[in-house]
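# Residue-level structural notes
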Amino acid sequence: MSTTTTTTSLSILLFLSLLSLSTYTTESRPPFACNPRDANTRNLPFCRVSLPIKDRVKDFIGLLTLQEKIRLLVNNAAPVPRLGIQGYEWWSEALHGVSNVGPGAKFGGMFLGATMFPQVITTAASFNQSLWEEIGQVVSDEARAMYNGGSAGLTYWSPNVNIFRDPRWGRGQETPGEDPVIAGNYAARYVRGLQGTDGNRLKVAACCKHYTAYDLDNWNGVDRFHFNAKVSKQDLEDTFDVPFRTCVVEGNVASVMCSYNQVNGIPTCADPNLLRNTIRGEWKLNGYIVSDCDSVGVFYDNQHYTATPEEAAAAAIKAGLDLDCGPFLAVHTEAAIRGGKLSEVDVNNALVNTVTVQMRLGMFDGEPSRQPYGHLGQRDVCKPESNQLALEAARQGIVLLKNRGPSLPLSTLRHRTVAVIGPNSDVTVTMIGNYAGVACGYTSPVQGIARYVRTIHVQGCANVACRGNQQFGAAENAARQADATVLVMGLDQSIEAEFRDRVNLLLPGHQQELISRVAMASKGPTILVLMSGGPIDISFAKKDPRIAGIIWAGYPGQAGGTAIADVLFGQTNPGGKLPMTWYPQEYLAKVPMTNMGLRADPSRGYPGRTYRFYKGPVVYPFGHGMSYTNFVHTIAKAPTILAVPLGGRHISSSSSSNTTIISTAVRVTHAKCDRLSINLHVDVKNTGSKDGSHTLLVFSTPPVGHLAPNKQLVAFEKVHVPARSQQQVMIGIHVCKYLSIVDKYGIRRIPMGEHNLHIGDIKHSVSLHAAVLGEIKS
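Computed from a prediction, not measured in an experiment: that's the story for all the values here. (Residues numbered from 1 in each chain as written. Predicted model: local features only at pLDDT ≥ 70, side-chain atom pairs only at ≥ 80, totals over all residues. Heavy atoms only, no water.)

A count of helical and extended segments in the protein chain gives 22 helices and 28 strands. For 778 residues, the compact-globule estimate of 2.2 N^0.38 gives 28 Å, and the C-alpha radius of gyration of the protein chain, at 27 Å, lies within 12% of that figure. Of the contacts formed within the protein chain by residues at least 6 apart in sequence, a portion of 78% connects residues at least 24 apart. Summed over its atoms, the accessible surface of the protein chain is roughly 27600 Å², and 49% of this surface lies on carbon and sulfur atoms. (Helix = DSSP H or I, 4+ residues; strand = E, 2+ residues; numbered from the N terminus. Rg over C-alpha atoms; globule rule 2.2 N^0.38 Å. Contact = heavy atoms within 4.5 Å. Areas by Shrake-Rupley, 256 points an atom, 1.4 Å probe, with all protein chains shown as cover.)

And the structure:
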């Protein structure tokens, strides 16, 4: 999202005049529509809750003039006073808590803050699907409470489920990481938490963004407003589109946002194949499609995709765009209709999708207080149990990268004085990352550690840029005096953020020098704690024997300091795992951000991207994460052979891209996929002395010769295992969904032959073979 506006001055002036019509303030929110005290509207058909929503929507749109319709096509939708319709701001954000980044939510008055959970990349590191949904439930409780109090809307443009393709991307912190299965599962579970599970009714309306292949903001002179992402059909189908498909099909999300960039020469917000054919047609979106902010203006003004603004407005709406974040459609749609480039029916179709979502939210049902979520209010925001969940999420997302000795956890008996050093040692706002709001309160790292032991605090650097070494001497002296030293280093939004891609993977400024000097001076163990969204090349610290432990905390949210301290002192046994690969600095020289290719190409020195395709050295691999105990896996029961039943037309020729079987790979659409699963029963034994939670990561390596990933995550499960005990976990692997690969034509197929499943250091092989049902015809 961006607040950048690129339309002409005339467009802005016209929009400001429209904006004045839609300004509204409330001390306590009146009904958005259908006020039972308004005799002029209360008996209109669109206000009758007993009627089907489809009929109510049709009635409402039929009562509007063309000008009224057009003013409903933008995020700051104008009121329709004669029909009792309030103005509405569609743009609100709830990436990891109700945010005031968008104009739809405001803090103050009754609502001074909201629960700020860890940034998404940290929460993803928990690999805990139930936690993701539970966070969504709390966020939507607080969003509804603020709506009822007149401080927020009900449409939230979250989550961001783009693939964290390149480690430099400044917005990678907003995503669930580099794996499409994780990103898709996160999307579905978080959306379910936000939207609720009450049938067609919505608690709030979520939005999966930014569709599609969007993962470059501003790198080396190329920005997102001008970037044309050249993506193969193969990569689009098996990586970039996967989280969005899962979000729509399994999460039943109410909205999808198209992105700024072009994909293969066409702006995503003007591409009918992406919007109308795929999102709404193939995936059957039950909701609306919205542009990233001023994307329509961007593809006219910046990308010069159309010759006139009217053609741009027509192209967007005809492609399937229903709502414009920005003024463009409000300014230019009427002229597009007058010029014959668009019809009023096209506008009606867009409004059907947006108004239907508003109806599902109850915005046409009269008094909010009489609706299912009308009881939520001030007391439901920043509740103690919500703050506790934010703490628990931070604990679960922290990743233990190194533990030499082991030296962790620290002991309150042996380490009574701890030197706490570093530019992130006493931060607050840094811990909540971007797209955040106002937190209920903060506990910084030094405050968290001070709850356990006496601290000597020296910042060491004025900020993460760490341009000077003036405080290094004081930091070394502190380390000499303490029983242990904790360095809290890393990045913040000045280094990685929206429209700020990173220039390298190293720690900024003199941070590495500070770490090494303090580690050399420290009389006790030195622990390095890193805050960041993206990976950092800390090879020096990984190899340095004086640095006993390394912890990655991501951006751990409002309770981050408490969570970090709880892990350091063993109150929490870390169980997080990295949701992205940590590359060495030299990786960047081989991989321009503008190259969208995922698969390695050794012939031209291209190493590939993400753990699925990258072939090269790493600092820490995807899925890495240690514990204070030890877990052992054993496969208790699993099949060794499985028949893949085929039905319908079957051709065994290998010459056509449309055949069912090509090179012994069965086309998914020709397989009987229902209930076709492999069930693994895995015993997980905790052989150590500490209770712990463990994430089972199941990877698959397909048969050779299919241009397939090196390996692919096919299942993951979180399990808590007490010390010296054992738990059995059943993991179901949907064959068509997870053991399939995508060919160069973008067609998903199931390779026949031996698939190797990897869980930790054990391997299990399953052989798939095709079994034809019914008559076989060529």
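Comment: phi is negative for the bulk of residues other than glycine, and the bulk of peptide bonds are trans. Omega for the peptide link from Gly405 to Pro406 comes to 0 degrees, which places this bond in the cis form. In this fold, Pro406 is placed in the loop between strand S11 (399-403) and strand S12 (417-421). Of note, the phi angle at Phe127 is positive, near 50 degrees, even though the residue is not glycine. As for its placement among the helices and strands, Phe127 is situated in the loop between helix H4 (120-124) and helix H5 (129-148). Backbone geometry at Arg724 places phi at a positive 55 degrees, although glycine is not the residue there. Looking at where Arg724 falls in the secondary structure, it is placed in the loop between strand S23 (712-721) and strand S24 (726-734).

The strand order across the open sheet formed by three strands is S6-S8-S9, and the pairing between neighbours is mixed. With partners counted over all chains shown, the strands left at the sheet margins are strand S6 (228-229) and strand S9 (266-267), one partner each. Sheet topology note: the S6/strand S8 (residues 262-263) ladder contains two bridges and is parallel. Paired with Asn228 across the strands is Gln262, a residue of S8. (Pairing = 2+ DSSP bridges.)

By the element assignment, Ala94 lies in the loop between strand S2 (88-89) and H4. Between the alpha carbons of Ala94 and Thr155 there is a distance of 9.4 Å; along the sequence they are 61 residues apart. With residues near it in sequence (within four places) discarded, Ala94 still touches Val139, Tyr156, Ser158 and Tyr190.

Note that Thr562 resides in helix H19 (residues 560-568). When residues no more than four places from it in sequence are discounted, the contact partners of Thr562 are Leu391, Thr443, Gly448 and Arg451.

Let us now look at the state of the cysteines. Among covalent bonds in proteins, the disulfide is the one between the sulfur atoms of two cysteines. Applying the stated criterion across every chain, the model contains seven disulfides. Shown here is the disulfide that connects Cys34 with Cys47, its sulfur atoms set 2.1 Å apart. What sets the handedness of the Cys34 and Cys47 disulfide is the S-S torsion sign, and at about -85 degrees it is left-handed. Taken together, the positions of Cys34 in the loop between helix H1 (9-22) and helix H2 (53-62) and Cys47 in the loop between H1 and H2 put the pair 13 residues apart, joining distant regions of the chain. We classify Cys34 as buried; its relative accessible area is 6%. Overall, the relative accessible area of 10% leaves Cys47 in the buried class. Here Cys208 pairs with Cys247 through a disulfide, and the sulfurs are 1.9 Å apart. On the sign convention where negative means left-handed, the S-S torsion of about 80 degrees between Cys208 and Cys247 marks this disulfide as right-handed. Of the two residues, Cys208 is situated in strand S3 (residues 208-211) and Cys247 in helix H8 (residues 242-249); the sequence distance between them amounts to 39 residues. By relative accessible area, which is 0% here, Cys208 ends up buried. You can call Cys247 buried: its relative accessible area is 0%. (Disulfide = S-S within 2.5 Å. Buried < 20%, exposed > 50% of the residue type's maximum accessible area, 1.4 Å probe, protein only.)

As a further point, take the pairing of strand S7 (residues 255-258). Of the two faces of S7, the one lined by Ser255 and Met257 and the one lined by Val256 and Cys258 are each fully buried. The pairing of S3 with S7 spans two bridges and is parallel. If you follow Tyr211 over to S7, its bridge partner there is Cys258. Both S7 and strand S10 (residues 288-291) contribute to a ladder of four bridges, which runs parallel. When the sheet's bridge partners are listed, Cys258 is paired in S10 with Ser291.

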